Amino acid sequence: MTKKAFITGITGQDGSYLVELLLGKGYEVWGLIRRSSSFNTGRIDHIYIDPHEQPRLRLVHGDMTDGSNLAALIGEIKPDEVYNLAAQSHVRVSFDQPIYSVNVGALGTLRLLEAIRSSGLPIRFYQASSSEMYGKVVETPQTEKTPFYPRSPYACAKVYSFWQTVNHREAYGVFACNGILFNHESPRRGETFVTRKITRAASRIKCGLQEKLFLGNLDARRDWGFSGDYVEAMWLMLQQDQPDDYVIATGECHSVREFLDEVFGYLNLDWQRYVEIDARYFRPSEVDLLHGDASKARRLLNWQPRVGFRELARMMVDADMKIAERECAMRDHDAKDGAAR
Ligand code: NAP
Ligand code: F7E
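So, here's what we can say about the structure. (Residues numbered from 1 in each chain as written. Chains lettered and ligands numbered in written order. Predicted model: local features only at pLDDT ≥ 70, side-chain atom pairs only at ≥ 80, totals over all residues. Heavy atoms only, no water.)

### Considering the environment of Ala202
As for its position among the elements, Ala202 is in helix α7 (residues 194-206). Residue classification places Ala202 among the buried positions, given a relative accessible area of 0%. Sequence separation between Ala202 and Arg189 is 13 residues; the distance between their C-alpha atoms is 15 Å. With near-sequence residues (within four places) excluded, Ala202 lies in contact with Val263, Phe264, Leu267 and Leu269. (Helix = DSSP H or I, 4+ residues; strand = E, 2+ residues; numbered from the N terminus. Buried < 20%, exposed > 50% of the residue type's maximum accessible area, 1.4 Å probe, protein only. Contact = heavy atoms within 4.5 Å.)

Here's what the structure looks like:
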């Protein structure tokens, strides 16, 4: 029988890779999208161009702040698996919009878990937990046993969701798993996260479209992996005999400065000539270092990352160079057009 999956956050970076993975495995996939005044399905348009061509993907309107809508959708779809990826996922923005970020990221999870519990259906649930929960880390590397010390409204919301997921597992027997994912990136990463901000700016600088790049704390260290590898771990968690929580990370740790070296070096540019520090990009409380130990996932899920730091940076630059070159070509075309008129 065809398995049915329901994904919240399907229009985001991870949602777009996950839907590709699940369709490839023969799933029927339902995705929650928010009504928006302009198109917000750019990351999945290549799959969803024509519903007749891809009848196994269905998009439905809803919002994590609307519990009755989530309950109705669970009742209508009757999914085998639910992947909860929706969140206001930008840490810096969560300081500006703490109530909204917590409403979506924490209460949204509870609304969805309650919809699942009250449906009485044997649904398997994945929660997108985050290494941000470790915040001001109390040990390195971080494992499933490392205590949390969240440093932002975003991270506090994720800690709440983590425990609510555990509680639905223990109290009601819901097959609910937390994936504690360390930073993961891709050419589809949102343009305001630091890796994509850098690869996009470096490509635009290379093409003469931009002169400067304004950044915050260059000393922050992160364990950066590839989103395409990480969504596979999400799926694997829901295929096990027992629900559990897993750290997903590469085990390699680099600073923002090292990411700049890698990206600008690949383009034969010296980043020190272009980067300026702007206080607006510092956070009221920073997470200095995240470094994961994914031994449990390697052992029990047989999961391992395929894309390393250098390959990831180059993959993102290659994609952003194509975009910058297109932008350049359009600019030149418009200039010629203007001159001819
Ligand atoms: P993303 O690109 O920011 O995508 C977030 C998704 O959530 C988008 O589809 C967004 O819809 C949706 N969303 C936001 N608010 C919503 C609401 N009120 N109702 C319904 N949908 C809403 O994030 P990502 O990088 O793919 O990450 C996926 C999940 O993993 C997030 O929960 C994130 O917090 C978590 N996580 C990410 C990382 C990472 O490094 N990427 C690491 C650990 C955990 P729109 O497209 O309409 O905005
Ligand atoms: O920042 C520093 C910044 O915004 C990384 C989310 O997916 O991963 C992500 O959260 C580091 C921080 O990611 C700029 O201060 C310097 O130390 O790319 P980021 P994040 O905050 O680690 C976790 C695991 C998630 O769960 C989140 O959803 O880079 N940094 N200068 C900067 N960061 C940004 N965004 N912009 C700068 O200009």
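### Digging into the packing of aromatic side chains
Under the criterion given, the structure shown has 12 aromatic pairs. Here Phe162 and Trp163 contribute two aromatic rings whose centre-to-centre distance is 5.0 Å and whose plane-to-plane angle is 85°, an arrangement assigned as edge-to-face. Every member of this aromatic cluster is reached through a ring pair, and the members are Tyr134, Phe148, Phe162, Trp163 and Phe182. Directly above the ring of Phe193 sits Arg189, whose terminal nitrogen or CZ lies 3.9 Å from the centroid. (Phe/Tyr/Trp six-rings, centres within 6.5 Å; stacked < 30°, edge-to-face > 60°. Lys NZ or Arg CZ within 6 Å of the ring centre and 35° of its normal.)

### Topic: the site of ligand 1
In the vicinity of ligand 1 there are 25 residues, among which Thr11, Asp14, Arg34, Ser89 and Tyr154 approach most closely. Measuring from an oxygen atom of ligand 1, one finds a backbone N or O atom of Gln13 at 3.0 Å. Here ligand 1 loses 89% of its free accessible area of 910 Å² to cover by the protein chains. Of all elements in the fold, only α1 (13-24), α5 (98-119), β5 (124-130) and α6 (153-172) reach the threshold of two or more residues within the shell around ligand 1. Each residue belonging to the shell around ligand 1 can be placed in one class, and the counts come to 10 nonpolar, 10 polar and 5 charged. (Near = heavy atom within 4 Å. Polar contact = N/O pair within 3.5 Å; in protein donor to acceptor, adjacent residues only side chain to side chain. Areas by Shrake-Rupley, 256 points an atom, 1.4 Å probe, with all protein chains shown as cover. Nonpolar A, V, L, I, M, F, W, Y, C, P; charged D, E, K, R; others polar.)

### Concerning the side chain of Asp245
By the secondary structure assignment, Asp245 is in strand β11 (residues 245-248). Of the polar contacts made by the side chain of Asp245, one reaches the side chain of Arg169; its length is 2.8 Å. What Asp245 contacts, discounting residues up to four positions off in sequence, is Glu144, Phe162, Val166, Arg169, Cys177, Asn178 and Lys296.

### Digging into the side chain of Thr250
Note on placement: Thr250 falls in the loop between β11 and β12 (254-255). Taking the relative accessible area as the measure of exposure, Thr250 reaches 18% and is therefore buried. A distance of 2.5 Å separates the side chain of Thr250 from the side chain of Asp223, its partner in a polar contact. A polar atom in the side chain of Thr250 sits 3.0 Å from the backbone nitrogen of Glu252.

### Things to note about the site of ligand 2
With respect to spatial proximity, 23 residues lie near ligand 2, and among them Ser89, Ser130, Tyr154, Arg283 and Glu286 are the closest. One nitrogen or oxygen atom from the main chain of Ser89 is found 2.7 Å from an oxygen atom belonging to ligand 2. Coverage of ligand 2 by the protein chains reaches 95% of its 700 Å² of free accessible surface. Among the secondary structure elements, those contributing two or more residues to the shell around ligand 2 are α7 and β8 (213-215). The class makeup of the residues in the shell around ligand 2 is 9 nonpolar, 8 polar and 6 charged.

### A few points about the nonpolar core
With 79 residues, the main nonpolar core has Tyr83 and Phe264 as its most contacted residues. At 8 residues, the largest contribution of residues to this core is made by helix α11 (residues 309-340). Non-local contacts of Phe264, meaning those with residues more than four positions away in its chain, are made with Ile198, Ala202, Ile205, Leu213, Leu269, Asp270, Trp271 and Tyr274. Counting residues in each nonpolar core, the second largest holds 20 residues, with Met64, Val82, Ala86 and Leu113 among its members. (Core = buried A, V, L, I, M, F, W, Y, C linked by side-chain atoms within 4.5 Å.)

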